[in-house]
Amino acid sequence: MLPAPRLDNSFPIMNRPSLHLGRLLAASSLAAVFAFSLAVAGEPTANDGFIRLSSNENAFGFTPKASAAMTAVLESGNYYNRNNVSDLVDTIADYEKVPTDYILPTAGSGPVLLMTAMAYAKPGANVVTAAPGYTQLTRTFLDLGGEIKYVPVDETYGYDFKAMSRAIDENTAIVYICNPNNPTGRLADPAELRKFVMTVPKDVLVFMDEAYLELSTGGLPANSMAPLVKARKNLIISRTFSKAHGMAGLRAGYGLANPEVLNNLRTYYQGTPAFIAAVGAREALLDTAFMAANAAKYAAVRAHVCAEFDRMGITYAKPEGAFVWFKSGMKDKELVAKLKEKGILISGSRADAGVPEGTYELWARVSLGTQEQMDRFLGELANILGQT
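Criteria and thresholds
- Residues numbered from 1 in each chain as written.
- Predicted model: local features only at pLDDT ≥ 70, side-chain atom pairs only at ≥ 80, totals over all residues.
- Heavy atoms only, no water.
- Helix = DSSP H or I, 4+ residues; strand = E, 2+ residues; numbered from the N terminus.
- Contact = heavy atoms within 4.5 Å.
- Axes fitted to C-alpha atoms, helices over the stretch in contact; angles between N-to-C directions.
- Parallel < 35°, antiparallel > 145°, perpendicular 65-115°, else oblique.
- Left-handed = near helix turned anticlockwise from the far one by under 90°.
- Nonpolar A, V, L, I, M, F, W, Y, C, P; charged D, E, K, R; others polar.
- pLDDT = per-residue confidence, 0-100.
- Pairing = 2+ DSSP bridges.
- Right-handed = clockwise from strand over helix to strand, strands pointing away.
- Phe/Tyr/Trp six-rings, centres within 6.5 Å; stacked < 30°, edge-to-face > 60°.
- Buried < 20%, exposed > 50% of the residue type's maximum accessible area, 1.4 Å probe, protein only.
- Salt bridge = Lys/Arg side-chain N within 4 Å of Asp/Glu carboxyl O.

A. Up close: the overall build of the protein chain. Each helix and strand in the protein chain was counted, giving 14 helices and 13 strands. Across the protein chain, the fraction of contacts at a sequence separation of at least 24, relative to all contacts at a separation of at least 6, is 72%.

Shown next as structure tokens:
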């Protein structure tokens, strides 16, 4: 029996003779080769030749169980198949150990951030957050008439919870925390974070964006604030299947919160994931062994990149997500342009992340890909910085 085709219609390994299938068969059992073949990831459909290390996409791919399940129901796309979204919600609720009305399924976690900004923004209201940090919620909040109170990260580029507490005032509607932070990649100490979350005034919504948390040391069990949603009503967690689960293009995610909080968002609800994404996401959530293996790959590549940065004398923030934030010594726009000329895409510093212009202009963010991709990046970076 052939392995199930991926969504790009290719059969992994079977159409890649460079992997020397015959040699692998001679060296190991058929079962081992079959398992290996299923781990081959797809490629971007753009086919533009760039190594994409700019959007925190997962180069390792998603579980083959999701691929098989989605392929099996693809021809049912002429029906809405809302039952598959319901099945996903049931599975998420079991996974998070909450009732189903604590779950709001969405097309990625972005809609959760946007709906929250829409529901809480008004003139005079503010969001307290870190700078630099992820801006999807804060940009929208600002566009809708609200204000942002930025709190600089500490000397380790991590969250300064004491300063964030001082920034909260009678007009604060939301405290937004992305953990690990984006772009710094720093992971908050879970004990400090729990204490902070539970001491924020009860009328303020704490938004925990845990998009990359599965990839952190200790993962969700050690670091997630989700267990607090029953103890603190004004707390919402957002998760996505785009990052650790490798399903960026499929668009699936969810918000986790007390039903009263979720009801505040429903006026602005942007819809469920497509049924095909719900089918794949459910399989991804159930395949914990694949998730653990994927996280281990990320950890190995993170360690490799950090070791090379150490060797090159490059400063970086301790990473715990799908990227590394580093100080090259070259202005970020120039570095981004030079790497693009070499076929590699990375991200520079954002001008709207709450820091004075020029503060982090020597810093850039590189997403983590395969070791081969990262070695290509590291080699080109060394050439650009004159370290060859």
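Resuming the write-up.
B. Quick look at the packing of helix H4 (residues 82-96) against helix H11 (residues 275-286). In the contact formed by H4 and H11, the axes pass within 8 Å of each other and the chain directions differ by 25 degrees. Between H4 and H11, the crossing angle belongs to the class labelled roughly parallel. By crossing handedness, the relation of H4 to H11 is classed as left-handed. Of the residues in H11, those touching H4 at Asn-84, Val-85, Asp-87, Leu-88, Thr-91, Ile-92 and Tyr-95 are Phe-275, Ala-278, Val-279, Ala-281, Arg-282, Leu-285 and Leu-286. Residues that form the contact of H4 with H11 fall into these classes: 10 nonpolar, 2 polar and 2 charged.

C. Molecular detail of the confidence of the model for the protein chain. Averaged over all residues, the pLDDT of the protein chain is 90; the fraction at 70 or higher stands at 89%. Note on residues 1-37: pLDDT is under 50 here. Beyond four places in sequence and across chains, it has 48 contacts.

D. Geometry of the pairing of strand E4 (residues 147-152). By the bridge criterion, 6 bridges tie strand E3 (residues 126-131) to E4 in an arrangement that is parallel. When the bridges of E4 are listed, Ala-131 appears paired with Pro-152. Regarding the hand of the β-α-β motif, the stretch spanning E3, helix H6 (residues 136-143) and E4 is right-handed.

E. Looking closely at the environment of Gly-358. Structurally, Gly-358 is set in the loop between strand E12 (347-348) and strand E13 (363-367). Expressed as a C-alpha distance, the spacing of Gly-358 and Lys-331, which sit 27 residues apart in the sequence, is 9.1 Å.

F. Broad picture of the packing of helix H12 (residues 288-312) against helix H14 (residues 371-384). At a minimum axis distance of 10 Å, the contact between H12 and H14 shows a crossing angle of 15 degrees. Relative to H14, the element H12 is oriented roughly parallel. Judged by the twist between their axes, the crossing of H12 over H14 is right-handed. Contacts from Val-301, His-304, Val-305, Glu-308, Phe-309 and Met-312 in H12 reach Gln-371, Met-374, Asp-375, Phe-377, Leu-378, Leu-381 and Ala-382 in H14. Grouping the constituent residues of the contact of H12 with H14 by class yields 9 nonpolar, 2 polar and 2 charged.

G. Summary view of unusual backbone geometry. Following Ala-131, the chain continues into Pro-132 via a peptide bond in cis, with omega recorded as 0 degrees. Summarising the element assignment, Pro-132 is placed in the loop between E3 and H6. Across the junction of Asn-179 and Pro-180, the peptide omega takes the value 0 degrees, indicating a cis bond. Turning to its location among the elements, Pro-180 is positioned in the loop between strand E5 (172-178) and helix H8 (190-199). Although it is not a glycine, Tyr-157 sits at a positive phi angle of roughly 70 degrees. If you trace the backbone, Tyr-157 turns up in the loop between E4 and helix H7 (161-167).

H. Structural context of the packing of aromatic side chains. Enumeration over the complete set of coordinates arrives at 15 aromatic pairs. Between Tyr-360 and Trp-363, the ring centres sit 6.2 Å apart and the planes meet at 90 degrees, which makes this aromatic pair edge-to-face. Judged by its relative accessible area of 15%, Tyr-360 falls in the buried class. Through a chain of ring-to-ring contacts, three or more aromatic side chains come together here, namely Tyr-157, Trp-325, Tyr-360 and Trp-363.

I. Up close: the pattern of salt bridges. Enumeration over the complete set of coordinates arrives at 10 salt bridges. The closest approach of N and O atoms between Lys-318 and Glu-320, which form a salt bridge, is 2.9 Å. Among the charged side chains, a salt-bridge network with shared partners connects Glu-96, Glu-210 and Arg-239.

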